[in-house]
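Structural overview
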Amino acid sequence: MAEDSVRSVERAFAILKAFTRDDYKLSLSEIAERINLPVTTSLRIAATLEGLNILQRHSDRTYSLGSQLYLLGSIAKANFRPQQIIYPYMKEIRDETKEAVSLYGVASEYRVCYEQLESLLTVRCVMRVGDRMPLWAGAGSRALLAFLGDEVIEREVKKAYKITENTIYEPEKLRKSLADVRTLGYAISRAERDEGILSIAVPVFNRRGDIVFSFSVAGPAQRFSEEYAMSLIPKIQAMCREIANQL
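What you are looking at is a predicted structure, and each value in this text was computed from that prediction instead of being measured. (Residues numbered from 1 in each chain as written. Predicted model: local features only at pLDDT ≥ 70, side-chain atom pairs only at ≥ 80, totals over all residues. Heavy atoms only, no water.)

The subject of this paragraph is the overall build of the protein. Each helix and strand in the protein was counted, giving 9 helices and 9 strands. Radius of gyration (C-alpha) of the protein: 20 Å, near the 18 Å computed for a compact globule of 247 residues. When its C-alpha atoms are laid out on the principal axes, the protein stretches across 55 × 40 × 40 Å. The buried share of the protein, reckoned over its 247 residues, is 44%. Summarising the internal contacts of the protein: among those between residues at least 6 apart in sequence, 56% fall at separations of at least 24. (Helix = DSSP H or I, 4+ residues; strand = E, 2+ residues; numbered from the N terminus. Rg over C-alpha atoms; globule rule 2.2 N^0.38 Å. Buried < 20%, exposed > 50% of the residue type's maximum accessible area, 1.4 Å probe, protein only. Contact = heavy atoms within 4.5 Å.)

Below is the structure:
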């Protein structure tokens, strides 16, 4: 009975994680495919979640996240201690540089945006809270992946492919770039994921030394120059050490 209950909770949570900012409405068959369960099983769990207002079913037979999750999400965000600790540091860097500052973490083999402060300038790099990106592409990803262990690194190396002309995707080059992150304590991306965008990222650890986030600054390369970006790294690294003592 206990195992069945745990399995049901895990499956219900898997359904919720199937939704993204871009795929905010899913049909039952799409949900079943994403969580690798039979349609009948998915329907039973979805119906239970619908009854709890955790899922909402629409007239076109698609589902979206429900009102109860919206309320729970607002409570979680208001009490999310890492965000409370890190946000002031992010705002300081955003106000100083006027460029976009993002906080990334790892979820379900992806880099996920946990917090984002938009650039104060008109031409900007846009990221949204909840956006998912490959865990191997870009500075924000490599600042995380470098510290996740050999098994995860090799899994992600196998996934890598060319996104732009500057993408680091060849196995040996990607492994070398991750080793450099571990040595230098930061990652830099020169239009690896988005054309014309330069970004830097510094890993954020907790008190135990576990990687938890990456602290990233990004902007158009013609304005956010590599020289300027590199000048920020010592300050951001010092901030991340202060953050680590509070997490």
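Topologically, Glu192 is positioned in the loop between β7 (187-190) and β8 (197-205). The class of Glu192 is buried, set by a relative accessible area of 3%. Excluding its chain neighbours within four sequence positions, the residues that come into contact with Glu192 are Gly138, Arg142, Ile163, Thr164, Asn166, Thr167 and Ile168.

With 25 residues, the main nonpolar core has Ile86, Ile200, Phe215, Val217 and Ile236 as its most contacted residues. Element by element, the count of residues in this core is highest for helix α9 (residues 226-246), at 7 residues. Apart from the residues lying within four places of it in its own chain, the contact partners of Ile86 are Leu103, Phe213, Phe215 and Ile243. Residues Tyr104, Ala139, Leu145 and Leu174 belong to the second largest nonpolar core, which totals 22 residues. (Core = buried A, V, L, I, M, F, W, Y, C linked by side-chain atoms within 4.5 Å.)

Here the focus is the environment of Ile188. Residue placement: Ile188 occurs in strand β7. Among all residues touching Ile188, those that are not within four sequence positions of it are Ala139, Arg142, Ser199, Ile200, Glu226 and Met230.

Now for the sheet that holds β8. The 6 strands are arranged β6-β5-β4-β9-β8-β7 in an open sheet whose pairing can be described as antiparallel. Looking at the sheet topology across the chains shown, the edges are occupied by β6 (132-134) and β7. Ignoring strand direction, the axes of neighbouring strands in this sheet form an average angle of 30°. (Pairing = 2+ DSSP bridges. Axes fitted to C-alpha atoms, helices over the stretch in contact; angles between N-to-C directions.)

Another aspect to go through is the sheet that holds strand β1 (residues 26-27). The antiparallel open sheet is built from 3 strands, whose spatial order is β1-β3-β2. Each edge of the sheet is formed by a strand with only one pairing partner; in this case those strands are β1 and β2 (55-57).

One way to put it is that helix α5 (residues 81-97) packs onto α9 with a least axis distance of 11 Å and a crossing angle of 160°. One element, α5, and the other, α9, form an angle in the roughly antiparallel class. Taken as a pair, α5 and α9 cross one another with a handedness that is right-handed. Contact residues: Arg81, Ile85, Ile86, Tyr89, Glu92, Ile93, Glu96 and Thr97 in α5; Tyr228, Leu232, Lys235, Ile236, Met239, Glu242, Ile243 and Gln246 in α9. For the contact of α5 with α9, the residue count by class is 9 nonpolar, 2 polar and 5 charged. (Parallel < 35°, antiparallel > 145°, perpendicular 65-115°, else oblique. Left-handed = near helix turned anticlockwise from the far one by under 90°. Nonpolar A, V, L, I, M, F, W, Y, C, P; charged D, E, K, R; others polar.)

Turning next to unusual backbone geometry. A positive phi angle, close to 65°, is found at Asn53, a residue other than glycine. One can find Asn53 in the loop between α3 (39-51) and β2. Its relative accessible area of 44% is what places Asn53 among the partly exposed residues. Phi at Ala191 is positive, roughly 60°, even though this residue is not glycine. Its location among the elements puts Ala191 in the loop between β7 and β8. On the basis of relative accessible area, Ala191 is assigned to the buried category, the value being 8%.

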